[in-house]
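Chain residues, written in single-letter form:
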There are 2 protein chains.
Amino acid sequence: MGAPKVLYPVASLSNEEYPDHIPEFRQFEKDFNVVYKSFDQPFEDIKELFRTGDLNDVEAIWLTGAVIRLQYPFNDLIDYFPETLRVIALPWVGHDRIDGAQLRSRGIHLVNIGDAPSKDVADIALQLTLGTFRYTHFFERKLRESNGSIAKAREVIGGTDVDTKTREPLPPTDPKRKNYTKYVTVGGKALNSPAGKVAGIVGLGSIGKEIAIRLWAIGMEISYTKRTPLKDGELSGLPYKPTYFNSFEELIPHVDLLVLAVPHSSETTHLINKDTIKLFKRGARVVNIGRGSAIDEDVLLKALDDGTINSAGLDVFQNEPNIDPRFVNRHDVTILPHLGSFTEDNFRNSTLRTIENIRDVLVNGGQGIHLVN
Amino acid sequence: MGAPKVLYPVASLSNEEYPDHIPEFRQFEKDFNVVYKSFDQPFEDIKELFRTGDLNDVEAIWLTGAVIRLQYPFNDLIDYFPETLRVIALPWVGHDRIDGAQLRSRGIHLVNIGDAPSKDVADIALQLTLGTFRYTHFFERKLRESNGSIAKAREVIGGTDVDTKTREPLPPTDPKRKNYTKYVTVGGKALNSPAGKVAGIVGLGSIGKEIAIRLWAIGMEISYTKRTPLKDGELSGLPYKPTYFNSFEELIPHVDLLVLAVPHSSETTHLINKDTIKLFKRGARVVNIGRGSAIDEDVLLKALDDGTINSAGLDVFQNEPNIDPRFVNRHDVTILPHLGSFTEDNFRNSTLRTIENIRDVLVNGGQGIHLVN
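Residues numbered from 1 in each chain as written. Chains lettered and ligands numbered in written order. Predicted model: local features only at pLDDT ≥ 70, side-chain atom pairs only at ≥ 80, totals over all residues. Heavy atoms only, no water.

Q: Whenever I open this one, the overall build of chain A confuses me. Can you help?
A: Counting secondary structure elements, chain A contains 12 helices and 14 strands. Along the first, second and third principal axes, the C-alpha atoms of chain A reach 80 × 50 × 40 Å. Going through the 373 residues of chain A one by one, you find that 58% of them count as buried. A fraction of 65% describes how many contacts in chain A between residues 6 or more apart in sequence connect residues 24 or more apart. Only carbon and sulfur atoms are counted for the fraction: they give 49% of the accessible area of chain A, which is about 15400 Å². Charge-centre separation for chain A: the mean point of 44 positive side chains lies 7 Å from the mean point of 50 negative side chains. (Helix = DSSP H or I, 4+ residues; strand = E, 2+ residues; numbered from the N terminus. Buried < 20%, exposed > 50% of the residue type's maximum accessible area, 1.4 Å probe, protein only. Contact = heavy atoms within 4.5 Å. Areas by Shrake-Rupley, 256 points an atom, 1.4 Å probe, with all protein chains shown as cover. Lys, Arg positive; Asp, Glu negative; His and termini not counted. Charge placed at Lys NZ, Arg CZ, Asp CG, Glu CD.)

Q: I'm lost on the side chain of A:E140 in this one. Help?
A: Within the secondary structure, A:E140 is located in helix α6 (residues 136-145). Of note is the side chain of A:E140, whose polar atom sits 2.9 Å from the side chain of A:R144. In this view, A:E140 contacts B:H137, B:R141, B:V333, B:T334, B:I335 and B:L336; residues no more than four positions away in its chain are not counted. (Polar contact = N/O pair within 3.5 Å; in protein donor to acceptor, adjacent residues only side chain to side chain.)

Q: What's the story with the relation of the copies chain B and chain A in this structure? I'm lost.
A: When chain B is fitted onto chain A, the two copies agree to an RMSD of 0.1 Å after a turn of 180° and an axial shift of 0.0 Å. Such a turn and shift between the copies fits a two-fold axis. When you check the interface residues of chain B against chain A, 100% turn up at the interface there too, and the contact is symmetric in its surfaces. (Least-squares fit on C-alpha atoms with pLDDT ≥ 70 in both.)

Q: What's the story with the domain arrangement of chain A in this structure? I'm lost.
A: It is common to give the size of an interface as the accessible area lost on bringing the parts into contact. Examined at the domain level, chain A breaks down into domain 1 (5-116 + 344-362), domain 2 (118-134 + 194-335) and domain 3 (136-190). Relative placement of domain 1 of chain A and domain 3 of chain A: their C-alpha centres are 49 Å apart. (Domains from an automatic or database assignment.)

Q: Got a minute to help me understand helix α8 (residues 206-217) of chain B in this structure?
A: Along an α-helix, residues three or four apart share an orientation, since each turn contains 3.6 residues. With 12 residues, α8(B) should cover 16 Å at 1.5 Å per step; its first-to-last C-alpha distance of 17 Å lies within 8% of that length. Within the sequence span of α8(B), burial applies to B:G208, B:E210, B:I211, B:A212, B:I213, B:R214, B:L215 and B:A217. Contacts made by the buried residues of α8(B) are with α8 (206-217) of chain A together with α5 (118-134), β8 (198-202), β9 (221-225) and β11 (257-260) of chain B. (Expected span 1.5 Å × (residues − 1).)

Q: Is there a simple way to think about helix α11 (residues 297-306) of chain A in this case?
A: All names here are of chain A. When α11 is considered as a whole, its buried residues turn out to be E297, V299, L300, L301, A303 and L304. Its buried side turned inward, α11 meets β7 (189-190), β13 (309-314) and β14 (333-335). Of the residues that open α11, the one with a side-chain oxygen 3.1 Å from the backbone nitrogen of D298 is D296.

Q: Teacher, can you tell me more about the environment of B:L304 here?
A: Residues and elements named next belong to chain B. Assignment of secondary structure puts L304 in helix α11 (residues 297-306). With relative accessibility at 0%, the residue L304 sits in the buried group. The spatial distance from the C-alpha of L304 to the C-alpha of V333 is 8.7 Å, given a sequence separation of 29 residues. Those residues in contact with L304 that lie beyond four places of it in its chain are K189, I309, N310, S311, A312, R330, D332 and V333.

Q: Could you clarify how one ought to interpret the sheet that holds strand β2 (residues 33-38) of chain B in this entry?
A: In a beta sheet, neighbouring strands are held together by backbone hydrogen bonds and run either parallel or antiparallel to one another. Residue and element names in this part refer to chain B. In space, the five strands of this open sheet follow the order β2-β1-β3-β4-β5, with parallel pairing throughout. A strand with exactly one partner marks an edge of an open sheet, and here the two such strands are β2 and β5 (109-111). Averaged over all adjacent pairs, the angle separating strand axes in this sheet is 25°, with direction ignored. Strand direction decides the pairing type here: strand β1 (residues 5-10) and β2, joined by six bridges, are parallel. Bridging across to β2, V6 finds its partner in V34. (Pairing = 2+ DSSP bridges. Axes fitted to C-alpha atoms, helices over the stretch in contact; angles between N-to-C directions.)

Q: I'm lost on the nonpolar core in this one. Help?
A: Looking at soluble globular proteins, one finds that nonpolar side chains tend to be buried together. Formed by 74 residues in total, the largest nonpolar core has its most connected members in A:L215 and B:L215. Here B:L215 is in contact with B:L126, B:T129, B:A199, B:I201, B:M220, B:I222, B:L257 and B:V259, once residues within four sequence places are set aside. (Core = buried A, V, L, I, M, F, W, Y, C linked by side-chain atoms within 4.5 Å.)

Q: Honestly, the pairing of β11(B) in this entry has me stumped. Any pointers?
A: The two faces of the sheet receive side chains in turn, since in a regular strand these alternate between them. Residues and elements named next belong to chain B. Burial along β11 is two-sided: L257 and V259 facing one way and L258 and L260 facing the other are all buried. Of the strand pairs in this sheet, β8 and β11 are connected by four bridges, and their pairing is parallel. If you follow G200 over to β11, its bridge partner there is L258. Two elements, β11 and strand β12 (residues 284-288), share four bridges in a ladder whose sense is parallel. Paired with L258 across the bridge in β12 is V286.

Q: Can you help me understand the UniProt feature "domain: D-isomer specific 2-hydroxyacid dehydrogenase NAD-binding" (unreviewed entry) in chain A in this one?
A: Here, UniProt's "domain: D-isomer specific 2-hydroxyacid dehydrogenase NAD-binding" (unreviewed entry) annotation points to residues 192-340 of chain A. For the annotated span residues 192-340 of chain A, helix accounts for 21% and strand for 20% of the residues, and the straight-line distance between the end C-alpha atoms is 25 Å. (UniProt positions renumbered as here; feature names shortened; annotations may be inferred.)

Q: Help me understand the sheet that holds strand β10 (residues 243-244) of chain A, please; the structure alone is not making it clear to me.
A: Taken in spatial order, the seven strands make up an open sheet running β10-β9-β8-β11-β12-β13-β14 (chain A), and their pairing is parallel. Only two strands of the sheet have a single partner each, and these edge strands are β10 and β14 of chain A.

Q: Please explain the interface of chain B and chain A as it appears in this structure.
A: Each side of the interface is counted separately: chain B has 67 residues, and chain A has 67 residues. Where chain B abuts chain A, roughly 6200 Å² becomes buried across the two surfaces, and 60% of that area is made up of carbon and sulfur atoms. Area buried by chain B at its contact with chain A is led by B:R134, B:R144 and B:K182, which between them contribute 14% of it. One salt bridge connects A:D20 with B:K182, and the closest N-O pair in it is separated by 2.6 Å. Taken together, the connections running from chain B to chain A amount to 42 residue pairs in polar contact (both at pLDDT 80 or more). A total of nine residues in the side of chain B that touches chain A trace back to one element, the largest contributor, which is α5(B). Taken together, the residues that form the side of chain B that touches chain A break down as 32 nonpolar, 18 polar and 17 charged. (Buried area = accessible area lost by both parts, 1.4 Å probe. Salt bridge = Lys/Arg side-chain N within 4 Å of Asp/Glu carboxyl O. Nonpolar A, V, L, I, M, F, W, Y, C, P; charged D, E, K, R; others polar.)

Q: Is there a simple way to think about empty space enclosed by the protein in this case?
A: Over the atoms rolls a probe the size of a water molecule, and in doing so it shows where empty space is left. On inspection of all chains with the given rule, the structure shows two cavities of 30 Å³ or more. If you add up the space inside the largest cavity, you get close to 130 Å³. When contributions to the lining of the largest cavity are tallied by element, the ones reaching two or more residues are α5 (118-134) and α6 of chain A together with α5 and α6 (136-145) of chain B. Partitioning the lining of the largest cavity into residue classes produces two nonpolar, 10 polar and two charged. Each pocket or cavity is described by its volume, and for the second largest cavity that value is around 40 Å³. Around the second largest cavity, the lining residues are A:H137, A:E140, A:R141, B:H137, B:E140 and B:R141. Contributions of two or more residues to the lining of the second largest cavity are made by α6 of chain A together with α6 of chain B. Looking at the lining of the second largest cavity residue by residue, the classes come out as no nonpolar, two polar and four charged. (1 Å grid on protein atoms, 1.4 Å probe; cavity = no way out; pocket = protein on both sides within 12 Å on 5 of 7 lines; lining within 4 Å. Points joined across faces, edges and corners; volume = space filled by probe spheres on them.)

Q: Any chance you could explain the packing of α5(A) against α6(A) here in plain terms?
A: Any two packed helices are characterised by the angle at which their axes cross and by the distance between the axes. All names here are of chain A. Close contact between α5 and α6 brings their axes to 6 Å; oriented N to C, the two are set at 75°. Taken together, α5 and α6 sit at an angle that is classed as roughly perpendicular. Note on element contacts: α6 touches α5 through T136, H137 and F139, opposite L130, G131 and R134. Taken together, the residues that form the contact of α5 with α6 break down as two nonpolar, three polar and one charged. (Parallel < 35°, antiparallel > 145°, perpendicular 65-115°, else oblique.)

Q: I tried to follow the side chain of A:H331 on my own but got confused; where do I start?
A: Residue and element names in this part refer to chain A. Within the secondary structure layout, H331 lies in the loop between β13 and β14. Given the relative accessible area of 2%, H331 is considered buried. A polar side-chain atom of H331 sits 3.1 Å from the main-chain carbonyl oxygen of R167. Those residues within four positions of H331 in sequence are excluded, and the remaining contacts are Y135, H137, F138, V162, R167, P169, V186, G187 and K189.

Q: Before we go on, may I ask you to explain the pattern of salt bridges in this structure?
A: When the charged atoms of two side chains with opposite charge come close together, those side chains can pair. Residue and element names in this part refer to chain A. This model, assessed by the stated rule, comprises 60 salt bridges over all chains. Across the salt bridge formed by R51 and E48, the nearest N and O atoms sit 3.1 Å from each other. One end of the pair is R51 and the other is E48, both in helix α2 (residues 43-51) and three residues apart, which spans about a single turn. For E48, a relative accessible area of 30% translates into the label partly exposed.

Spelled out as structure tokens, the structure:
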């Protein structure tokens with residue numbers, strides 16, 4: 001009997017796809033029988049590989065983007081996995097696309113990387129928060145567009161009008177610009193300090209807690225909602241005292257900034273919708289680093305237009321891998337291409353955790369270090 | 001004898017220039033004899049206004065940008081100020097352009113707004129820090145340029161080559177792109193987590209301390225240098241324990257991120273120069289929110305090219321109000337148009353503090369609440 005077989009699905013057979021620049025991964029390749037298999041083939045063929053082909057004795061699958069981008073639902077494969085399969089390892093956190101219940105019924109462990117990327121994701125939430133308060137992303141772009149003229153980059157400050165098509169703030173020289181304010185605004189939206197304002201975090205799990213400490217450090221008061229409030233033991237170590245709200249609907253009227261840090265589920269779909277949008281304080285900010293499905297984007301865009309929402313910071317979108325073109329030219333959104341935990345450090349950590357998880361199941365007979373509940 | 005006369009210099013006589021949208025300022029206009037005077041006139045004429053014109057009994061000057069943009073040095077006016085002048089009030093922090101010693105010798109108090117904008121400026125330092133580690137500014141722009149395609153915005157990841165002219169990272173489709181890496185890079189520069197890395201802050205005053213708590217919250221270790229180390233009393237309230245270094249030269253070899261938070265002075269001019277640049281760890285990051293003069297920009301640009309410095313975040317520049325055009329297209333810098341404390345909240349606070357300062361001197365006979373040392 002050879003080393004346990006681990007499937008590493010790839011899009012092509014290019015070695016660009018697997019992390020053999022990490023020494024621990026090279027050791028993993030020695031300890032296990034790692035099979036690189038292109039998944040760019042019809043469902044029937046993949047099915048047969050699992051049933052009668054050379055994947056019929058596979059013991060672990062290291063999931064990759066190649067599987068997520070399949071032309072058929074990954075879950076349709078589960079019935080055809082061989083009896084030998086004991087673990088499916090996600091080198092990331094989100095598992096909403098995978099049918100965990102069905103895997104459990106087959107005795108297959110589903111593992112992810114736990115809280116490894118929490119700090120990195122929270123940094124993106126912080127970046128987006130600062131963007132919504134200070135319009136930094138907008139001024140960064142303006143300074144480049146003005147070829148390095150600070151005066152030109154700042155000339156839109158105080159203006160209240162925007163181009164009705166592009167939603168770009170109008171400069172003083174534009175004949176369509178009618179109004180001016182002494183308030184510190186761009187396109188009619190105020191630039192504010194986050195200090196002293198109230199942040200509401202939806203989902204105070206591992207990522208949410210990392211977000212909370214960051215928002216506390218920039219002077220914000222922390223409120224949150226989640227299924228069960230934090231216990232005394234969890235609260236005692238924190239430098240801030242968060243205020244708990246029983247529901248999303250009770251939380252939002254209190255917040256100047258709402259941060260969505262929830263995974264996708266039926267309960268978190270369209271948390272921001274045409275009814276809940278009415279509950280916001282006028283001029284509140286919204287940040288989403290969880291899943292795009294949490295926001296009805298039509299509702300958000302309308303709220304940005306009418307000033308209900310001052311600005312938004314989005315790392316995730318409803319229709320990824322594309323985003324609604326109405327976001328592209330707006331000055332009152334910060335948009336990022338789902339950067340999440342995209343760092344060299346996290347790539348290394350998530351590789352190491354995936355190795356640990358697979359080793360725990362296949363070698364130690366455990367259920368994986370980071371079993372998905 | 002009427003109310004004390006306060007000069008409010010303006011560029012034109014448009015009322016757009018003074019903050020009468022703030023109720024406390026309207027009260028100030030009632031309590032004092034506020035004179036709005038255009039400074040857009042020759043030195044000889046301004047001089048005469050102070051000597052024999054209607055400014056010869058002015059008791060306070062509320063400085064404005066109109067004075068800073070004069071065609072002659074503001075300090076040349078000091079000799080001509082009338083004996084009645086008791087206070088010059090800056091509605092901002094930086095006072096390096098004003099000859100405080102000369103004012104003191106004339107018995108004129110120079111006041112600023114103290115630590116009012118510290119949190120806002122520290123937020124910009126934090127934003128720039130996250131930008132240098134995560135290249136968020138670059139990806140924000142890319143997502144817009146790619147008309148909202150997340151895949152297209154991310155295609156440069158892993159590439160090591162940049163266009164030699166624009167310094168833009170080359171996409172995989174570019175025939176000039178030769179190299180690929182499995183590391184998480186853009187244009188050969190690594191994307192990293194700040195967590196666990198060492199930040200060195202130059203100048204741990206009111207702004208520096210606000211920066212420190214923010215960098216601690218994103219998981220960084222805090223080092224610093226300043227003329228005198230923090231006292232035990234100042235340290236006891238902090239959630240982190242900062243490491244003190246005696247000098248800039250001793251600090252920099254230890255840091256993954258250097259944050260410059262120093263005012264302009266002969267001692268802080270070109271702290272980063274052709275000698276000190278050699279002391280950095282390879283791939284360190286640099287953030288400057290103090291004064292542009294602290295960095296020899298030729299040296300920084302070369303260090304960015306050769307990888308000595310991974311990336312830089314700059315809110316201030318050597319040649320404001322313009323910036324070196326070599327920064328404009330680079331992907332490895334985040335550039336902001338000197339946003340500093342540009343918020344509605346700070347504008348209000350600094351107006352209130354300026355009123356307090358002038359009232360303290362003219363009404364209470366004090367030396368101003370926030371006397372510049």
